[in-house]
Amino acid sequence: MTDRPRISARVSAISESATLAVDAKAKAMKAEGRPVIGFGAGEPDFPTPDYIVEAAAQATREPRFHRYTPAGGLPELKQAIVEKTRRDSGYEVEPSQVLVTNGGKQAIYEAFAAMLDPGDEVIVIAPYWTTYPESIKLAGGVPVYVVTDESTGYLADVEQLETARSERTKVLVFVSPSNPTGAVYPREQVREIGRWANEHGLWVLTDEIYEHLVYGDTEFSSLPVEVPEIADRTVVVNGVAKTYAMTGWRVGWIVGPKDLVKAASNLQSHATSNVANVSQAAALAALSGDLEAVAAMREAFDRRRRTIVRMLNEIDGVVCPEPQGAFYAYPSVKGVLGKEIRGRTPQSSTELAELILEEAEVAVVPGEAFGTPGYLRLSYALSDEDLAEGVSRIQKLLAEAR
């Protein structure tokens, strides 16, 4: 009998989520009684607003929510997404263009699965969120990376994208505001990139989950609004997780052309059926309410953003551009690598992150997870006190670098 691998090659090739792995290790250390401060997971530290929780509690008492509902989403939630999309970005769509998914990750995978055939290439701008390449590969596609750095504020231009384009290119992944860098593309640059993609007949998957988290004079711009001629080849991914502090509720969505949404809905009908009805009811309450709670959270994130950037830039060898959106700082630590710290000489950001966790009891995510070694990602979605204490520990540790 021929020995065959126990696990498929397709799934064996998937890497564990680095951000969730760091978060899990930090929580395990905390459970052991160690005073670990975690900058790893991209998760607001605020509770879900009370009116949303109350809507979910009420939904548990409604017998209609004890049964299967349409696989593509509750009709009333899809309509709320249509109205929210018009309100927040000015993008006019119909309910038939909406698919409600189990969080943004399922939305991303199902969109790629509906768009890609084996060998199709997808341009991904690095630093990138860890899930994009894995979803592309799982759907049979090939990620092609365009690397940016702190010198441009982690923004890619059309010339770089054109260099990466080939006859096999089918999709561009466009993310603004960005995880992990917090970069936000100016409106004119959004237009330039959208027109370039349209000129070459590409699809665009644009992740807008951080749309409400922009700071100062920075403005969010939705690509299919700025370049309406490409709307028929644009998939917008979004969700309630970041805006409403609802990461655990697992509600995301796709907005896109009707034929792609139908194909993704067919996939979901076999993969998971409907998203949990109680979570959908909570999301409906979130999208139907005002943005007062969102504004309060954004104000806190803005304050923390300025604090973390200032403190990181006080460290010799560390360069941290000011993020304009999301809730991440992405400093370069290249000036620290190769120096001795407490008897160890980290040569990579992975080794430096391990050293920081073990010696300072602070969890950060190394740049290798995002396709750019030499950097760290720190989420500033934690209390002001923990943020100041955590960065202070890093400052003290790295001050020993020789």
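These figures come from a predicted structure and were not determined experimentally. (Residues numbered from 1 in each chain as written. Predicted model: local features only at pLDDT ≥ 70, side-chain atom pairs only at ≥ 80, totals over all residues. Heavy atoms only, no water.)

*Asks:* Whenever I open this one, helix α2 (residues 18-31) confuses me. Can you help?
*Replies:* Every α-helical turn comprises 3.6 residues, leaving residues that sit three or four positions apart pointing alike. Between its first and last C-alpha atoms α2 spans 20 Å; for 14 residues at 1.5 Å apiece the expected length is 20 Å, and the two agree. Of all the positions in α2, only Thr-19, Val-22, Asp-23, Ala-26 and Met-29 are classed as buried. Angular distribution of buried residues about the axis of α2 spans 125°; they occupy a single face of the element. For α2, the secondary structure elements touched by its buried residues are α13 (349-360), β10 (362-363), β11 (365-366) and β12 (376-379). (Helix = DSSP H or I, 4+ residues; strand = E, 2+ residues; numbered from the N terminus. Expected span 1.5 Å × (residues − 1). Buried < 20%, exposed > 50% of the residue type's maximum accessible area, 1.4 Å probe, protein only. Arc of directions from axis to C-beta. Contact = heavy atoms within 4.5 Å.)

*Asks:* Would you take a moment to explain the packing of aromatic side chains for this structure?
*Replies:* Working definition: an aromatic ring pair is given by the centre-to-centre distance plus the angle between the planes. Tallied over the entire structure, the rule returns 12 aromatic pairs. Between Tyr-128 and Tyr-145 the ring centres are 5.0 Å apart and the planes differ by 25°, which places this aromatic pair in the stacked class. Taken as a pair, Tyr-128 in the loop between β3 (121-126) and α6 (131-138) and Tyr-145 in strand β4 (residues 142-147) lie far apart in primary sequence, 17 residues in all. Ring plane angle 80° and centroid distance 5.8 Å describe the contact between Tyr-210 and Tyr-328, whose orientation is recorded as edge-to-face. You can see Tyr-210 sitting in the loop between β6 (203-207) and α9 (223-226) and its partner Tyr-328 sitting in strand β9 (residues 328-329), a full 118 residues away along the chain. Site record: aromatic cluster; members linked through ring pairs are Phe-46, Tyr-210, Phe-301, Phe-327 and Tyr-328. (Phe/Tyr/Trp six-rings, centres within 6.5 Å; stacked < 30°, edge-to-face > 60°.)

*Asks:* Explanation requested: the side chain of Asp-88 in the structure shown.
*Replies:* Inspection of the secondary structure puts Asp-88 in helix α4 (residues 75-89). Side-chain polar atoms of Asp-88 contact the side chain of Lys-84, separated by 2.8 Å. At 2.6 Å, the side chain of Asp-88 and the side chain of Arg-87 are in polar contact. Setting aside anything within four residues of it in sequence, one finds Asp-88 in contact with Glu-211, His-212 and Leu-291. (Polar contact = N/O pair within 3.5 Å; in protein donor to acceptor, adjacent residues only side chain to side chain.)

*Asks:* Help me out: how do you make sense of the sheet that holds strand β8 (residues 252-255) in this one?
*Replies:* Strand pairing in a sheet relies on backbone hydrogen bonds, with the paired strands running either antiparallel or parallel. Spatially, the 7 strands line up as an open sheet ordered β2-β8-β7-β6-β5-β3-β4, and their pairing is mixed. Edge positions in the sheet fall to β2 (98-101) and β4, since each has one partner strand and no second. Recorded for the sheet is a direction-independent mean angle of 20° between the axes of neighbouring strands. Two elements, β2 and β8, share 4 bridges in a ladder whose sense is antiparallel. Of the residues in β8, the one forming a bridge with Val-100 is Trp-253. The strands touched by α4 within the sheet are β2, β7 (234-239) and β8, with β2 carrying the most contacts at an inclination of about 115°. The strands touched by helix α8 (residues 187-199) within the sheet are β3, β5 (169-175) and β6, with β5 carrying the most contacts at an inclination of about 165°. (Pairing = 2+ DSSP bridges. Axes fitted to C-alpha atoms, helices over the stretch in contact; angles between N-to-C directions.)

*Asks:* Would you mind going over the domain arrangement of the protein with me for this structure?
*Replies:* A common way to express how large an interface is: the accessible area buried when the components associate. Taken domain by domain, the protein consists of domain 1 (9-47 + 293-399) and domain 2 (63-289). On a C-alpha basis, the centroid separation for the pair domain 1 and domain 2 is 26 Å. Between domain 1 and domain 2 lies a buried interface of about 2800 Å² when both sides are counted; carbon and sulfur atoms form 60% of it. Applying the counting rule to domain 1 against domain 2 returns 0 salt bridges. At the surface where domain 1 touches domain 2, the tally comes to 14 residue pairs in polar contact (both at pLDDT 80 or more). Of all elements in the fold, only α2, α12 (292-313) and β9 reach the threshold of two or more residues within the side of domain 1 that touches domain 2. (Domains from an automatic or database assignment. Buried area = accessible area lost by both parts, 1.4 Å probe. Salt bridge = Lys/Arg side-chain N within 4 Å of Asp/Glu carboxyl O.)

*Asks:* Help me understand the pairing of β12, please; the structure alone is not making it clear to me.
*Replies:* Working note: regular strand, side chains alternate between the two faces of the sheet. Alternating positions in β12 separate into two faces, Leu-376 and Leu-378 on one and Arg-377 and Ser-379 on the other, with burial throughout. Pairing analysis gives 2 bridges linking β9 to β12, with the strands arranged antiparallel. In the sheet register, Ala-329 faces β12, and the bridge partner there is Leu-378. Summarising the sheet, β11 and β12 pair through 2 bridges and their orientation is antiparallel. Bridge assignment links Val-365 to a residue of β12, and that residue is Arg-377.

*Asks:* How do you make sense of the sheet that holds β12 when you look at a structure like this?
*Replies:* Spatially, the 3 strands line up as an open sheet ordered β9-β12-β11, and their pairing is antiparallel. Looking at which strands have only one partner, the edges of the open sheet turn out to be β9 and β11. Of the strands in this sheet, β11 and β12 touch α13, which is tilted by about 45° from β12.

*Asks:* I'm lost on unusual backbone geometry in this one. Help?
*Replies:* Peptide bonds are trans in most cases, and residues, glycine excluded, mostly fall at negative phi. Residue Pro-127 is reached from Ala-126 by a cis peptide bond, and omega for that bond is 5°. Between Ser-176 and Pro-177 the backbone carries a cis peptide bond, its omega angle lying at 0°. With respect to the element layout, Pro-177 can be found in the loop between β5 and α8. The backbone phi angle of Ser-273 is positive, close to 60°, even though this residue is not glycine. Tracing the chain through its elements places Ser-273 in the loop between α10 (258-271) and α11 (277-288). Of the residues examined, Ser-273 reaches a relative accessible area of 27% and is grouped as partly exposed.

*Asks:* Please clarify how the pattern of salt bridges should be interpreted in this entry.
*Replies:* Two side chains with opposite charge may pair up if their charged atoms get near one another. Tallied over the full model, the rule gives 27 salt bridges. Among the ionic pairs, Arg-168 bridges to Asp-120, the shortest N-O distance being 3.7 Å. Of this pair, Arg-168 sits in the loop between α7 (158-164) and β5 while Asp-120 sits in the loop between α5 (103-115) and β3, and the two are 48 residues apart along the sequence. Since its relative accessible area comes to 41%, Arg-168 is described here as partly exposed.

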